Amino acid sequence: MVKRTSALSDALQLAWVRLRRSLTTILLTAFGLVAAWALLNLVIGGQCDGKCVVDALAQTLRVATPIAFAAFCGVLCERAGVVDIGIEGKMLMAAMAAYSVNLFGFQLLQDALGPVAAGNVSRWLALVMAVASALLLAGLHAVFSIRFKSDQIISGTVINILAIGITGYMYRAFLAENLPAGPGTFPLVPIPLLAEIPVLGPILFHQKPLTYLMLALAVGIYWMLFYTQWGLRVRAVGEHPRAADTLGIDVLRTRYINTLLGGVVAGLGGAWFTLEAVDVFSPLMTNGLGFIGLAAMIFGKWNPFGALLGALLFGLGNSVTATVSIFRPDIPSQIPQMLPYLLTIIVLTGVVGRAVAPAADGQPYEKS
Amino acid sequence: MPPALQAIGITKRFPGVLANDHVDFTLQQGEIHALLGENGAGKSTLMNILYGLYQPDEGQVWVKGELVKISNPHEAIARGIGMVHQHFMLVPPLTVTENIMLGQESLVSATRMLGRLAMLDRRSAAARIRELSRQYGLAVDPDAIVGDLPVGAQQRVEIIKALYRDADILILDEPTAVLTPQEADELFVIMRGMVKQGKSIVFITHKLREVFAVADTISVMRGGAMVGSLKPAQATRELLAEMMVGRKVILAIDKAPARPGLAVLQVEGVRVLDDRRHVAVDGVSLEIRSGEILGLAGVQGNGQTELTEALTGLRRVAGGKILLNGHDTTHATPRQLVEAGMGHVPEDRHKHGLVLSFPVRDNIVLCTYYRLPNAHGIELDYAVIARQASELVRIFDIRTPGIETTAGALSGGNQQKVIMARELSRLSERHGAQNGAPLLIASQPTRGLDVGSIEFIHRRIVEARDAGAAVLLISAELDEIMSLSDRIAVMYKGHILATVDARTATREQLGLLMAGVTPAAARPGQREGAHD
């Protein structure tokens, strides 16, 4: 018993040390959020007594969800030393798989179960298929880059192009023609009591399931990476695979597992587009958010919490765009639309401190 | 008592190389066994076989009287064999505790049922590390980040890593290569202590001095074969050197006293930043005159690399002034420096000295390809270049099938000769020109070379000096610095702590300076160069 508490206090102490180390990132992000709040109030606050500001922030978290999933996929892969720029493709594939299963599942089950139950079943089925389809592409990437040691950037690019091709074809062949009424997205799931908190409630606890899952994953992946045996081994493999190998750790297996786990997470991110955002698929609908997720990962220094902060920042840029174009038609919409991409460039040029990737990131491991 | 470790008739072939040729090796329990040999003699191959990194083609391995097959390092660890590699197997961003327990993590017992997701118990691992650290006198801080530690401390982490796995047979691969002489002596004390507590140690080295300092038994390898084993009492430096090289070796370099002329290189208060934009060279001043060799000693990573890069135009100078023969070259480009008479033998011959995929011929004209007689306008004159290359291959005794052979196919010694040929021929071509004497900057010129090549390169450096060149020699090998230099400057944390006369300098004095200890005599007010 004594031992457990001491391990806990140890963990807390470690968490504090890590927190202090990433203080600049946190301060910058906090500053950004406050500045954005003030800016939002200034630009649109007068139009709606501040309510639309809360809405804009809830929207921020929603839009941040797929970006964060993409970033977590990146964290999982790159911490083990596999660069994955095919996240965009995996999400696109998952978005289409989810939509197709949702649509056709709903049509098949509608008569047997009735519209409400059929919608529920088909949505969860769609989520599973979304994950499975992304997993398939992740498996491809894993085999290319781990087994065949091909260039990981090229492998990722191939997966992106492949996904665009497949989804584009499927869309034209099966989906574009006769789009029946959509089966609907996941409903909002307000958390009892918590959703009633003023300001924070509507922002944090009045969301859809994948958004909650994303927040839980941030905590989960962080804990796994820094507090468990698995995490220590993954980090060692991403930094110095030969050292890990001499200590009996299976480098290739670790990399396979992480690349596939990344695929699962990317699949969840793809499902967000057609199961939470809108219930319709359109070609190229992921719109670069997978790449922005990678920028969020770099912004967050390959740490899940940092990546989440990065995703929130991009989400904010996105929701500001939307809100401003609604309430201020006098501002040319192109200007706020540039914001997320401008942010990406700023982050990637290293303005937010030099981020150092895992040392063996992107290098195939060859046993001597 | 059976031997701790015994190898019988080990043979290992790599494509085109017989790395181990029926090698016998016996490590008795409780002894320090020095394994001596030149680079490429097969020492590391033999040890990698005993540690399970390679599989032998023939032969047997016995551990404590038991015939075993070690097919991976994990099995070696299970048999009580631990190895400290020359290039540390540490993960820099992890803490000491994390590095040591990696692969054999202590876990919080209540979370064990989570399998791989069981929580790390850093506290109990750290306690065990502190205990080992006390028991064997290996000072480490379990919570430090390994990448922040100096190499000496990283080496202690590696040793504890082996002890943490209950190793009683330790293989130390060139452990002193990264240490100051004092640190090496401390390591020897620790090794003695470990042997007293029942450990057996294989100590790989190519430095003769260390063998006498610590070994109970000495085995010498050459060209993949075991030449013989003997006790230190039966050995002399000359005998061991002869066993290593296969012929009589002249250990001391014959050189006439320096006859320094005018100042060639003047460095005044130079500051240089490293890649992470930290100050690596902090106000260094030095002067090298024509006809003298200035040795720059210091433990690796104290700013020598950055200083060299700044002097050769490869890194921006953040402050101060550099004069070459009186002309300001602080911000000169490498091409301008080459034109002004600077020769550079870079630290990493593969990365910066040669284009490995180019033939020897092209490598020889890398600095002069663009001008007469090698080029007319934009056209290269291959006939002239080939003639020049063949000539240099002959003069510098470069062992290559031909000038068309790619540089990457040559042995390390011959690659270095190609670089020396290129740089020195350029300097001698300039010698006598009105605008001053040439400057040769040689960084780690003999790292990883065999004794024969070392002798050759040392002789050439002294010849360049005698022909009037100013030479800056940067080396991590104190022996090399001491035998070649006329004056020795010691660099520590970006500063030059002192410059001493090589004739009176002692190993102990330099070792202390390399560790940052300034003798009381050298007061801060005393300027460098005041010793002359």
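J.: How do you make sense of the overall build of chain B when you look at a structure like this?
T.: Of regular secondary structure, chain B possesses 17 helices and 22 strands. Overall, the C-alpha framework of chain B stretches about 75 × 55 × 50 Å when taken along its three principal axes. Looking at chain B residue by residue over its 532 residues, the buried ones come to 55%. In chain B, the proportion of contacts linking residues at least 24 apart, taken out of those at least 6 apart, comes to 67%. Here chain B has roughly 22,700 Å² of accessible surface; of this, 53% comes from carbon and sulfur atoms.

J.: Can you walk me through the domain arrangement of chain B in this structure?
T.: Often, the extent of an interface is quoted as the loss of accessible area on bringing the components together. All names here are of chain B. Domain boundaries assigned for chain B yield domain 1 (5-245) and domain 2 (263-359 + 410-419 + 426-514). Taking only C-alpha atoms into account, the centre of domain 1 sits 33 Å from that of domain 2. Around 950 Å² of area is buried between domain 1 and domain 2 when both sides are counted, 57% of it from carbon and sulfur atoms. Across the contact surface, domain 1 and domain 2 share one residue pair in polar contact (both at pLDDT 80 or more). Looking at the side of domain 1 that touches domain 2 residue by residue, the classes come out as four nonpolar, four polar and three charged.

J.: When you look at the confidence of the model for chain B in this model, what are you seeing that I'm missing?
T.: Fine structural detail should not be taken from predicted coordinates in areas where pLDDT scores are low. Residue and element names in this part refer to chain B. Scored by pLDDT, chain B has a mean of 89; 96% of the residues are at 70 or more. Mean pLDDT across the elements of chain B bottoms out in helix α14 (residues 412-430) (86) and peaks in helix α3 (residues 96-101) (96). Every residue in residues 521-532 scores below 50 in pLDDT, and together they form eleven contacts with partners more than four places removed in sequence or on other chains.

J.: Whenever I open this one, the packing of aromatic side chains confuses me. Can you help?
T.: Think of a pair of aromatic rings as described by two things: how far the centres are apart, and how the planes are tilted against each other in angle. One pass over the structure, following the stated rule, counts ten aromatic pairs over all chains. Judged by centre distance (5.1 Å) and plane angle (85 degrees), the rings of Trp272(A) and Phe273(A) are edge-to-face. Residues Trp272(A) and Phe273(A) agree in their burial class; the two are buried. With centroids separated by 5.3 Å and ring planes inclined at 75 degrees, the aromatic side chains of Phe14(B) and Tyr54(B) adopt a geometry described as edge-to-face.

J.: Sorry if this is basic, but what is going on with the pattern of salt bridges here?
T.: Pairing is possible between side chains that carry opposite charge, provided their charged atoms lie close to one another. Residue and element names in this part refer to chain B. Scanning the model with the defined rule gives 32 salt bridges over all chains in all. For Asp 486, the salt bridge goes to Lys 255, with nearest N and O atoms at 3.6 Å. Linking Asp 486 in the loop between α16 (478-484) and β21 (487-492) with Lys 255 in the loop between α8 (237-245) and β11 (263-273), this pair joins segments that are 231 residues apart in sequence. For Asp 486, a relative accessible area of 12% corresponds to the buried category. When the shortest N-O distance is used, the salt bridge between Arg 394 and Glu 391 registers 3.3 Å. One end of the pair, Arg 394, and the other, Glu 391, are both in helix α13 (residues 382-395), three residues apart, so they sit about a helical turn from each other. For Glu 391, a relative accessible area of 38% corresponds to the partly exposed category.

J.: Looking at this model, I keep getting lost on the interface of chain A and chain B. Mind explaining?
T.: Chain A puts 32 residues into the contact, and the matching count from chain B is 37 residues. The contact between chain A and chain B buries some 2,900 Å² in all, and 63% of this surface belongs to carbon and sulfur atoms. Counting the surface chain A buries against chain B, the share from its top three residues, Gln229(A), Leu232(A) and Leu247(A), is 23%. Applying the counting rule to chain A against chain B returns two salt bridges. We note a salt bridge from Arg233(A) to Glu105(B), for which the minimum N-O separation is 2.8 Å. Between chain A and chain B we count eight residue pairs in polar contact (both at pLDDT 80 or more) in total. Mapped by element, the contributors of at least two residues to the side of chain A that touches chain B are α1 (2-21), α8 (209-227), α9 (229-239) and α10 (241-246) of chain A. In terms of residue count, the dominant contributor to the side of chain A that touches chain B is α1(A) (ten residues). A breakdown of the residues in the side of chain A that touches chain B according to their chemical character gives 13 nonpolar, eight polar and eleven charged.

J.: Can you help me understand the sheet that holds strand β3 (residues 32-37) of chain B in this one?
T.: The pairing of strands in a sheet happens through backbone hydrogen bonds and is either parallel or antiparallel. Residues and elements named next belong to chain B. As summarised here, the arrangement of the six strands in space is β6-β7-β8-β3-β9-β10, forming an open sheet in which the pairing is mixed. For this open sheet the edge positions go to β6 (81-84) and β10 (225-230), each flanked by a neighbour on one side alone. Averaged over all adjacent pairs, the angle separating strand axes in this sheet is 20 degrees, with direction ignored. Relative to strand β9 (residues 217-222), β3 runs parallel, the two being bridged by five bridges. Looking at β9, one finds that Ala 34 is bridged to Ile 218. In this fold helix α6 (residues 181-196) packs onto β3, β7 (169-173) and β8 (200-205), with an angle of close to 150 degrees to the strand it touches most, β8. Against the sheet, α8 touches β3, β9 and β10, its axis set at about 35 degrees to β9.

J.: What should I look at first to understand the pairing of strand β22 (residues 495-501) of chain B in this one?
T.: Consecutive side chains along a regular strand alternate between the two faces of the sheet. All names here are of chain B. Burial runs high along β22: five of the seven residues are buried. Relative to β22, β21 runs antiparallel, the two sharing six bridges. Each residue of the ladder has a partner; that of Ile 488, found in β22, is Val 500. Adjacent in sequence and paired antiparallel, β21 and β22 are bridged by two residues, among which Lys 493 carries a positive phi angle near 50 degrees.

J.: For this particular structure, what's the right way to read the nonpolar core?
T.: Taken as a class, soluble globular proteins show a tendency for nonpolar side chains to be buried jointly. Membership of the largest hydrophobic core comes to 70 residues, with the highest contact counts inside it found for Phe72(A) and Phe281(A). Discounting residues that sit within four places of it in the chain, Phe72(A) has contacts with Met214(A), Leu217(A), Ala218(A), Ile221(A), Val265(A), Pro304(A), Ala307(A) and Leu308(A).

J.: Help me understand the environment of Thr406(B), please; the structure alone is not making it clear to me.
T.: Residues and elements named next belong to chain B. With respect to the helices and strands, the residue Thr 406 is situated in the loop between α13 and α14. Separated by 50 residues in the primary sequence, Thr 406 and Leu 356 place their C-alpha atoms 6.4 Å from one another. Excluding anything up to four places from it in sequence, Thr 406 contacts Leu 356, Ser 357, Phe 358 and Pro 359.

What counts as what
- Residues numbered from 1 in each chain as written.
- Chains lettered and ligands numbered in written order.
- Predicted model: local features only at pLDDT ≥ 70, side-chain atom pairs only at ≥ 80, totals over all residues.
- Heavy atoms only, no water.
- Helix = DSSP H or I, 4+ residues; strand = E, 2+ residues; numbered from the N terminus.
- Buried < 20%, exposed > 50% of the residue type's maximum accessible area, 1.4 Å probe, protein only.
- Contact = heavy atoms within 4.5 Å.
- Areas by Shrake-Rupley, 256 points an atom, 1.4 Å probe, with all protein chains shown as cover.
- Domains from an automatic or database assignment.
- Buried area = accessible area lost by both parts, 1.4 Å probe.
- Polar contact = N/O pair within 3.5 Å; in protein donor to acceptor, adjacent residues only side chain to side chain.
- Nonpolar A, V, L, I, M, F, W, Y, C, P; charged D, E, K, R; others polar.
- pLDDT = per-residue confidence, 0-100.
- Phe/Tyr/Trp six-rings, centres within 6.5 Å; stacked < 30°, edge-to-face > 60°.
- Salt bridge = Lys/Arg side-chain N within 4 Å of Asp/Glu carboxyl O.
- Pairing = 2+ DSSP bridges.
- Axes fitted to C-alpha atoms, helices over the stretch in contact; angles between N-to-C directions.
- Core = buried A, V, L, I, M, F, W, Y, C linked by side-chain atoms within 4.5 Å.

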